[in-house]
Amino acid sequence: MMFKSNKLIHILVIFLVVSVTGCQNNPEEISASGKYISYTVTAENDDKSLEMITFAYDLDDDSNIGVSKMEYNAQYPLTAYDKKNNKVYYSSRIDDADNLFELDLKTGGTKQLTDSLFAINYIIPVDNELYLVAVENGVRAMGLFKLVNNKLERILDDVDAFVWKVNYNPDLQTLVFNTYSQSELDKKMEEPDDGTPRQGKNTIWTLNTANNEFNKVATTKPGYITDISMDEEGNIYYCM
């Protein structure tokens, strides 16, 4: 394993509360370390239309930087700012399905990157690569994908494994995420509610994006995981 330890700890994650007012509007102003959090805000215009606003929160000087505004027409608002490539990736609805698009902040041009998806849950830019948690047309469960040469590559082959909560540790260059069985959930949803978790056991996985090392870390008891993360020592924390 590439971690000093692989402890799994139940803990409530710390929520970062930031103000979205008085923001700058130049993503080039992010500090030299390049450490930032990309997040999305939905705003209602005077005509009641909605737009997705992308911000970058600079972790070094505690500043908010406005990055982009675009029409919100997906199933739910989802954008991700990529400072290295000066782009914003976002989901947009075409022919009753959400697919991945990019906005080039230098030219202002947009481009559709996928055409086989139905919905997207996560967009994670990593260096010159792009990872997605998304569901393909005709498939029930969300899967983990990598966009390579504008083509989606499924990383987790098991199409029954629903990829749920995902987090990325840039210091370890590692994705951590959990999966549960979609077919098991479907079966339990048809049964009378006896108070036990509808989700079955969860599997915790890690993927080192630098060397593509893929590891099954642990299996949890049945339950609904609401968040997951990894610290600099490789300890994994999740809320259930």
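A quick note: this is a predicted structure, and the numbers were derived from the prediction, not measured. (Residues numbered from 1 in each chain as written. Predicted model: local features only at pLDDT ≥ 70, side-chain atom pairs only at ≥ 80, totals over all residues. Heavy atoms only, no water.)

Undergrad: I'm lost on the pairing of strand β14 (residues 174–181) in this one. Help?
TA: On a regular strand, each side chain points to the face opposite its neighbour's, so the side chains alternate between the two faces of the sheet. Most of β14 is tucked away: eight of the eight residues are buried. Side chains Thr174, Val176, Asn178 and Tyr180 project from β14 onto one buried face, and the interleaved Leu175, Phe177, Thr179 and Ser181 project onto a second face that is buried too. Of the strand pairs in this sheet, strand β13 (residues 161–169) and β14 are connected by seven bridges, and their pairing is antiparallel. Paired with Asn167 across the bridge in β14 is Val176. Direction of pairing for β14 relative to strand β15 (residues 201–208): antiparallel, over a ladder of six bridges. Bridging from a neighbouring strand, Val176 pairs with Thr206 of β15. (Buried < 20%, exposed > 50% of the residue type's maximum accessible area, 1.4 Å probe, protein only. Helix = DSSP H or I, 4+ residues; strand = E, 2+ residues; numbered from the N terminus. Pairing = 2+ DSSP bridges.)

Undergrad: How do you make sense of the side chain of Ser91 when you look at a structure like this?
TA: With respect to the helices and strands, the residue Ser91 is situated in strand β6 (residues 87–94). With residues near it in sequence (within four places) discarded, Ser91 still touches Met52, Ala74, Tyr76, Leu78, Asn99, Ile120 and Ile123. (Contact = heavy atoms within 4.5 Å.)

Undergrad: Can you help me understand the sheet that holds strand β10 (residues 129–136) in this one?
TA: Strand-to-strand pairing in sheets goes through backbone hydrogen bonds, with the strands running parallel or antiparallel. Strand order in the open sheet formed by four strands is β9-β10-β11-β12, and the pairing between neighbours is antiparallel. Edge strands, defined here as strands with exactly one partner in the open sheet, are β9 (117–126) and β12 (151–154). For this sheet the average axis-to-axis angle between neighbouring strands, irrespective of direction, equals 35 degrees. Across eight bridges, β9 lies against β10 in antiparallel orientation. Bridge assignment links Ile123 to a residue of β10, and that residue is Leu132. (Axes fitted to C-alpha atoms, helices over the stretch in contact; angles between N-to-C directions.)

Undergrad: Even after reading the chapter, I still don't get the pattern of salt bridges, so can you show me in this structure?
TA: If charged atoms from side chains of opposite charge come close, those side chains can pair. The tally for this structure, following the rule as stated, stands at eight salt bridges. Residues Asp186 and Arg140 are paired through a salt bridge, measuring 2.7 Å at the closest nitrogen-oxygen approach. Separated by 46 residues along the polypeptide, Asp186 in helix α1 (residues 182–189) and Arg140 in the loop between β10 and β11 (143–148) bring together distant segments of the chain. Its relative accessible area of 25% is what places Asp186 among the partly exposed residues. Look at the salt bridges and you will find they share partners, linking Lys87, Glu102 and Lys111 into a network. (Salt bridge = Lys/Arg side-chain N within 4 Å of Asp/Glu carboxyl O.)

Undergrad: Please clarify how the pairing of strand β16 (residues 213–222) should be interpreted in this entry.
TA: Where β15 lies against β16, seven bridges are found, and the strand directions are antiparallel. Looking across to β16, one finds that Leu207 is bridged to Phe214.

Undergrad: Explain the side chain of Lys146 to me, please; I cannot follow it from the model alone.
TA: Following the sequence through the fold, Lys146 ends up in strand β11. Among the polar contacts listed, one links the side chain of Lys146 to the side chain of Glu129, at a separation of 2.9 Å. Beyond its immediate sequence surroundings of up to four residues, Lys146 is in contact with Glu129, Leu130, Tyr131, Lys151, Leu152, Glu153, Ile155 and Asn212. (Polar contact = N/O pair within 3.5 Å; in protein donor to acceptor, adjacent residues only side chain to side chain.)

Undergrad: What is the right way to read the packing of aromatic side chains from this model?
TA: We describe a pair of aromatic rings using the distance from one ring centre to the other and the angle between the two ring planes. In this structure the tally under the stated criterion is nine aromatic pairs. Ring geometry for Phe162 versus Tyr180: centroids 5.1 Å apart, planes at 5 degrees, classification stacked. Of this pair, Phe162 sits in strand β13 while Tyr180 sits in strand β14, and the two are 18 residues apart along the sequence. The residues Phe162 and Tyr180 share a single accessibility class, namely buried. Look at Trp205 and Phe214: their rings are 5.3 Å apart centre to centre, the planes differ by 10 degrees, and that puts the pair in the stacked class. Look at Phe214 and you get partly exposed, because its relative accessible area is 29%. In textbook terms, an aromatic cluster arises when at least three aromatic residues are bridged by ring pairs, as seen for Phe162, Trp164, Tyr180 and Tyr224. Across the ring face of Trp164, the terminal group of Lys165 is positioned such that the distance to the ring centre comes to 4.8 Å. (Phe/Tyr/Trp six-rings, centres within 6.5 Å; stacked < 30°, edge-to-face > 60°. Lys NZ or Arg CZ within 6 Å of the ring centre and 35° of its normal.)

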